[in-house]
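Commentary on secondary and tertiary structure
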Amino acid sequence: SQKNILDKITAYLKSKSRDQNFIEQFADGYCNGISTLWLYANWLQTQPKTSNKPRDDYDWFKKTIELITDWDEKSLTDGEEKEFERFISYIQYFQHPFKYQSTAQGDLNKTLEDTNKRKLEKEYAITALFTLRQIKKLLATKDIIQEGKLILISSHIHATALFKKDGDYYFFNADSPTGYFDPNIPGEAKKFSLDEVATLIFKSNLSD
């Protein structure tokens, strides 16, 4: 639950006597920041490891989410504090990239940099008002959902993510502390059908 994550982050920042204005930012949703980090971590998980050094892939993402949500709001080791800080820095940057550079939310080709000097490109962006039937038709379009590509899906109030790996579809919904969304929608789901994916997208981004 995004609310649980942000509540724990707020408690952590308060325990460190961090700037109050910075802490107050976490009272708002961070669905774009968390969804973007989830996408990046999933993509990194598919890349071959070139060393034994730890990296911030999906295994790290899942482990850090569990660390944050299971924290008893008491003591943390130096290593655990480091992971808190890494996670906070990531989602803050992806949620508010315009505070650090002239980049808008969702422009992942501008907010991510490849250390192997490969050029990141935005392949397409689609803006429209969709019915569920139209989303299903869109997703059925050939090559619209490509293997291993970062797909961020946003509405005026929320952001979700989609990643295709080994022919399967992985959907992510950070949920919202405002209570707009169906509590039965999973935070993370593996789906085999594009119709199922379309339904998750529609329900997750639909306000009351």
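The structure contained in this document is the topic of the report that follows. (Residues numbered from 1 in each chain as written. Predicted model: local features only at pLDDT ≥ 70, side-chain atom pairs only at ≥ 80, totals over all residues. Heavy atoms only, no water.)

Turning our attention to the overall build of the protein chain. Per the secondary structure count, the protein chain includes eight helices and four strands. Beginning at the N terminus, the succession of helices and strands in the protein chain can be written as α-α-α-α-α-α-α-β-β-β-β-α. Taken over the C-alpha trace, the protein chain has a radius of gyration of 17 Å; the compact-globule value for 208 residues is 17 Å, and the two agree within 12%. Seen along its three principal axes, the alpha-carbon backbone of the protein chain occupies a region of about 50 × 45 × 35 Å. Burial status across the protein chain gives 41% buried among its 208 residues. Relative to all contacts within the protein chain whose residues are 6 or more apart in sequence, the contacts with residues 24 or more apart total 56%. Accessible surface computed for the protein chain: about 12200 Å², of which carbon and sulfur atoms make up 49%. Positive and negative side-chain charges in the protein chain, numbering 29 and 31 respectively, have mean positions lying 4 Å apart. (Helix = DSSP H or I, 4+ residues; strand = E, 2+ residues; numbered from the N terminus. Rg over C-alpha atoms; globule rule 2.2 N^0.38 Å. Buried < 20%, exposed > 50% of the residue type's maximum accessible area, 1.4 Å probe, protein only. Contact = heavy atoms within 4.5 Å. Areas by Shrake-Rupley, 256 points an atom, 1.4 Å probe, with all protein chains shown as cover. Lys, Arg positive; Asp, Glu negative; His and termini not counted. Charge placed at Lys NZ, Arg CZ, Asp CG, Glu CD.)

What follows concerns the pattern of salt bridges. Evaluated as defined, the whole model comprises nine salt bridges. Of the charged contacts, one joins Asp57 and Arg55 as a salt bridge, the two residues approaching to 3.1 Å between their closest N and O atoms. Accessibility classification places Asp57 together with Arg55 in one group, the buried group. With a closest N to O distance of 2.6 Å, Glu123 and Lys149 form a salt bridge. Residue Glu123 is located in the loop between helix 6 (108–111) and helix 7 (132–139), and its partner Lys149 is located in the loop between helix 7 and strand 1 (151–154); the two are separated by 26 residues in the primary sequence. We classify Glu123 as partly exposed; its relative accessible area is 49%. (Salt bridge = Lys/Arg side-chain N within 4 Å of Asp/Glu carboxyl O.)

We now examine the sheet that holds strand 3 (residues 168–173). Strand order in the open sheet made by the four strands is 1-2-3-4, with antiparallel pairing throughout. Edge positions in the open sheet fall to strand 1 and strand 4 (188–191), since each of these has one partner strand only. Averaged over all pairs of adjacent strands, the angle between strand axes in this sheet comes to 20°, irrespective of strand direction. Across the sheet, helix 3 (residues 31–45) is in contact with strand 1, strand 2 (159–165), strand 3 and strand 4; its angle to strand 2 comes to roughly 10°. (Pairing = 2+ DSSP bridges. Axes fitted to C-alpha atoms, helices over the stretch in contact; angles between N-to-C directions.)

The next subject is the side chain of His158. Of note, His158 is situated in the loop between strand 1 and strand 2. For His158, a relative accessible area of 3% corresponds to the buried category. Separated by 2.6 Å, the side chains of His158 and Asn173 make a polar contact. (Polar contact = N/O pair within 3.5 Å; in protein donor to acceptor, adjacent residues only side chain to side chain.)

This part covers a nonpolar patch on the surface. Residues Tyr124, Ile126 and Phe130 make up a contiguous nonpolar surface patch of roughly 260 Å² in combined accessible area. Following the sequence through the fold, Tyr124 ends up in the loop between helix 6 and helix 7. Residue Tyr124 is classed as partly exposed on the basis of its relative accessible area, which comes to 35%. (Patch = residues over 30% accessible without salt bridge, like charges linked within 9 Å, V, L, I, M, F, W, Y side chains within 5 Å.)

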